[in-house]
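# Breakdown of the fold
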Amino acid sequence: MSISLHRFTEYKLRVSELLQLRDWRGLLRLCNVEDSSEKKTIALIVSNHDSKIVAKFVKYVLSLPRDEKRELREGVATTCLILGRTGQDSIEKAISNLRALLLEDRMLLTEVEAALSNFWVLRTKATASLLFKSWILKTSDTNDLQIAAVRSCQYLLEKEPKLVAPFLLRVERLALRSEKYDPAVQTARELIARLSTKKAQKGRFQARNRIIGRKKESTSK
């Protein structure tokens, strides 16, 4: 659900004021909202400002101690969305920052995946390469990195499956190398199966329409 124009204007004015004042703490508190629509709205507004200034805000958030990040978790989650909108020019750094945030707090998984999804659309090849090397191959004690890396390509997979298929097949082949890649492998297989089911359903629907079309033609003759 989108927010009202009045609310949007309030956020726009407040974000502008806080950025001008370099009040990073105040901006993080403004970002600290639970509603997903408000998170996305604030991320959009912030991302429309000078990228160098926004980068300083992101740097401030990353520098906070873990307990402070968790205290303002929703604000950090919004920061993940901001990274997804502003990190295209330095995608390696942005993906590295998202990795660090997710390792610190797995509750950021939804927003991290959303940020990565944006990179998949805008920088497909670079995103696939970086996630494969630094989120899957460089695996850690948590499975979240592997799962997020693969699951974040869902949107592009639905829109342009040909662009994502090589990545998913590459991940699936890791099953031959080591069990430690199982979270990524299983997630890739689930997406491949879902795509195959969708294609099969589409094929049956098209075949049904062709049959109905032929029946209508024969009836009208």
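Nothing here was measured: the structure is a model prediction, and the numbers come from that model.

A contiguous patch of positive charge on the surface is contributed by Lys133, Arg170, Arg173, Arg177 and Lys180. Mapped onto the elements of the fold, Arg170 is located in helix 12 (residues 161-172).

Right, let's get into the confidence of the model for the protein. For the protein, the mean per-residue pLDDT works out to 89, and 88% of the residues sit at or above 70. For the stretch residues 203-212, pLDDT sits under 50, and the model shows zero contacts to residues farther than four places along the chain or on other chains.

One pass over the full model with this rule turns up two aromatic pairs. Relative to Phe167, the ring of Trp120 lies with its centre 4.9 Å away and its plane at 65°, an arrangement referred to as edge-to-face. With Trp120 in helix 8 (residues 109-122) and Phe167 in helix 12, this residue pair connects regions lying 47 residues apart in the sequence. Exposure class is identical for Trp120 and Phe167. Each is buried.

A few words on unusual backbone geometry. Located in the positive-phi region is Arg22, a residue other than glycine, with phi close to 55°. Looking at the element boundaries, Arg22 is found in the loop between helix 1 (5-21) and helix 2 (24-31). By relative accessible area, Arg22 is classed as partly exposed at 39%.

This paragraph deals with a nonpolar patch on the surface. A surface patch of nonpolar side chains, about 280 Å² in accessible area, is lined by Val121, Leu122 and Tyr155. Mapped onto the elements, Leu122 comes out in helix 8.

With that out of the way, let us pick up helix 10 (residues 144-151). Structural remark: α-helix, 3.6 residues per turn; residues separated by three or four positions point the same way. Within helix 10, six of the eight residues are buried, leaving the element largely enclosed by the surrounding structure. Those residues of helix 10 not exposed but buried are Asp144, Leu145, Gln146, Ala148, Ala149 and Val150.

What follows concerns helix 2. Among the eight residues of helix 2, six are classified as buried, and the element is accordingly described as predominantly covered. All of the buried residues along helix 2 are Trp24, Gly26, Leu27, Leu28, Leu30 and Cys31.

Rules used in this analysis
Residues numbered from 1 in each chain as written. Predicted model: local features only at pLDDT ≥ 70, side-chain atom pairs only at ≥ 80, totals over all residues. Heavy atoms only, no water. Patch = residues over 30% accessible without salt bridge, like charges linked within 9 Å, V, L, I, M, F, W, Y side chains within 5 Å. Areas by Shrake-Rupley, 256 points an atom, 1.4 Å probe, with all protein chains shown as cover. Salt bridge = Lys/Arg side-chain N within 4 Å of Asp/Glu carboxyl O. Lys, Arg positive; Asp, Glu negative; His and termini not counted. Charge placed at Lys NZ, Arg CZ, Asp CG, Glu CD. Helix = DSSP H or I, 4+ residues; strand = E, 2+ residues; numbered from the N terminus. pLDDT = per-residue confidence, 0-100. Contact = heavy atoms within 4.5 Å. Phe/Tyr/Trp six-rings, centres within 6.5 Å; stacked < 30°, edge-to-face > 60°. Buried < 20%, exposed > 50% of the residue type's maximum accessible area, 1.4 Å probe, protein only.

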